[in-house]
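Residue strings, one per chain:
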Amino acid sequence: MFRLHDVSYAYGDSRTGQAALSHVSLDVPQGGFRWLLGPSGAGKSSLLSILSLEARASAGMVEILGVPVMQARRGALARLRRRIGSVHQDFRLLADLNVFDNVALPLRLQHRAEAEISHEVHAIMKWVGLENRLDALPPQLSGGEQQRVAIARAVIYRPALLVADEPTNALDERQAARLLMMFHRLAELGTTIVVATHNDAIVRKYPAPAIELARGHLVRDYT
Amino acid sequence: MARQRYHDGLALRQALPGRFLPFLVGAMSFLAALALAGGIAAHSLSQRWTHGAGTVTTMQVPAPDDPASRPATPAPSSGPPPTRIAVVLDLLATTPGIVSAHRLTDAELRALLAPWIEQTGEQTLPLPAVIEVRALPGHNPAPDLLAQLQARVPGVVMEHDSVWSDRLAALAGSLQGCALLAVLIVMTVAVCVVMAATRAGLQTRRQAIALIHSLGATDGYISGRFASRVTLLALGGGLCGSVLALPMLLVMSQLAAPFSALGDPAATAPMDWHDPLSRIDALPHALLWVLLALPPAAGLTGWITTQMTVRAWLRRLP
């Protein structure tokens, strides 16, 4: 679950920077799938950055998975990040690590046993259909394959909160459907999932509660 | 476990290559070893001068075998008056603070004056008796003693060596200060070098760091990984610096031996170039400890500097 109360966010200096979010308040319970809608520049990526702790709100109150983010110490934020998965539009894969090591990265940072890591990575890579590309480096993969690796890395540690920014962009229709099925399955298991998109067709095809932003303001909350 | 350590995406071998940093830290360690050697040598000479030459008083007694003048209150059963040298030696034996009073033998005296005697060709020159008086460290008996001696043995001359030894000790003190300053400068430069290398490494791997930070890596984990790498490199550099400084210090100790090891034939013997390590015993123990301590000191400096630099850099991240 996460709660935002009167949250604002500006790029650069908090007082003089360009406002990306203005006075957004949200209260989302644990579990379930939600769309995050809005045109380009609406503030979707900013909201996802705040939810994935990659940006700090300029003002307001942010509580994620029971942790008051604005007051939390750095160590507590690091522990909280291990419970949050995120998928970015630019994939953020490390070019000098192969697919296996990229996907295993979150588990290694949690000091899991190597045998367990190997088992988990093989299982998730089989699910995303890349079990034969474990030794490939990211630059050797297509955009869709890189997207699937990034998704595998985001879900391998079964996060309590998963945020994804346009995750279906680089995928074909079949892969996109498969991905959304997986997200729904994770949501049923208790993960809170927020997926940003401006693809109306996919939203109509896979209806779910939605949060809609426009010019940094919350315009509709169907959660 | 090893796989975990080397596959976290930081790629520290790229971020902190193993040539630049060890070379610079090695050079700094080398300079620090030389500076510390200078400081230790200055301290050692200062000690020698303060506790050796500084405690020696030379006394000249002209006409040593002539009878001394009688004291104001002569002893009741006095025989023939004692010689001047006997009076001086008696007085020295009863003066507190004096450790020894050695009258130079005729042979010692002639050996001492040989260059002048040989030059003049004069063998029958009347020579004064010379007494080498050693006092306790920091004790200068000259002022009181001279007045007493002058009363009984007129013409006695005393030369206390503390005048020049004090000046030399002051010089040694300032040399120690310079050595300390040099070590501080070397340490400052070493810290700056480590900081610059670490920042360059952080900049090189900033995307990977931002990623593993977003995946939950703590500041302590990231700074620890960088600090471990830098410590290893600094340790290696420090070791090289110490090892390379050793032959230089051996040569310097050989060159300085005539000043620091007077009268020690083993120390002043020419170096055996086939076995230079045989001279290690001639180096002060403090210097050997310094050479041993330099690599861990370099490693510790690297570890602390890197921890602080990385943690400060990570503060930019949310």
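In the block above lies the structure referred to throughout.
Starting afresh in each chain, residues are numbered from 1 along the sequence in its written order. To label them, take the chains in the order written and letter them from A, then take the ligands in the order written and number them from 1. Local features in this predicted model are restricted to residues of pLDDT 70 or higher, and side-chain atom pairs are both shown and tallied only at a pLDDT of 80 or more, whereas totals for entire chains, interfaces and linings draw on every residue. Note that water and hydrogens are dropped before the side-chain values are worked out from all heavy atoms of the structure.

Q: Tell me about the interface of chain B and chain A, residues and numbers included.
A: Interface size is commonly expressed as the accessible surface area that is lost when the partners come together. Contacts are residue-level and defined by heavy atoms, with any inter-residue pair within 4.5 Å sufficient. Between chain B and chain A, the contact holds 23 residues from the first and 23 residues from the second. Once two parts are brought into contact, the accessible area they lose, counted with a 1.4 Å probe and summed over both, makes up the buried area. For the pair chain B and chain A, the summed buried area comes to about 2100 Å², and 58% of that belongs to carbon and sulfur atoms. Here, a salt bridge means any Lys or Arg side-chain nitrogen found within 4 Å of an Asp or Glu carboxyl oxygen. Run the count over chain B and chain A and you get two salt bridges. Here aspartate 96 of chain A ties to arginine 205 of chain B by a salt bridge, and the two come within 3.0 Å at their closest N and O atoms.

Q: Please set out helix H1 (residues 44-51) of chain A residue by residue, giving values where relevant.
A: Residue and element names in this part refer to chain A. For each residue, the accessible area found with a 1.4 Å probe, counting protein chains only, is set against the maximum for its type, and the residue is called buried under 20%, exposed over 50%, and partly exposed in between. The helix and strand labels rest on DSSP assignments: H or I over at least four residues marks a helix, E over at least two residues marks a strand, and numbering proceeds from the N terminus. Counting buried positions along H1 yields six of eight residues, so the element is predominantly enclosed. Among the residues of H1, Lys44, Ser46, Leu47, Leu48, Ile50 and Leu51 are the ones counted as buried. Once H1 ends, the next one or two residues include leucine 53, with phi positive near 65°.

Q: Outline the packing of aromatic side chains, listing residues and values.
A: All names here are of chain A. The aromatic pairing rule takes the rings of Phe, Tyr and Trp, using the six-membered ring of Trp, and pairs them if the centres are within 6.5 Å, calling planes under 30 degrees apart stacked, those over 60 edge-to-face and the rest tilted. The tally for this structure, following the rule as stated, stands at two aromatic pairs over all chains. When the ring of phenylalanine 33 is compared with that of tryptophan 35, the centres are 5.0 Å apart and the planes differ by 85°; the resulting orientation is edge-to-face. Centre to centre, the rings of phenylalanine 33 and phenylalanine 183 are 6.5 Å apart; their planes meet at 35°, and the pair counts as tilted. Residue phenylalanine 33 is found in strand S3 (residues 32-37), and its partner phenylalanine 183 is found in helix H6 (residues 173-188); the two are separated by 150 residues along the sequence. Here phenylalanine 33 matches phenylalanine 183 in class, with each residue buried. Here the aromatic residues Phe33, Trp35 and Phe183 are joined through ring pairs into a cluster of three or more. Put simply, a charge is over a ring when the Lys NZ or the Arg CZ is close to the ring centre, within 6 Å, and near the line of the ring normal, within 35 degrees. Sitting above the plane of the tryptophan 127 ring, arginine 178 keeps its charged end 5.1 Å from the centroid.

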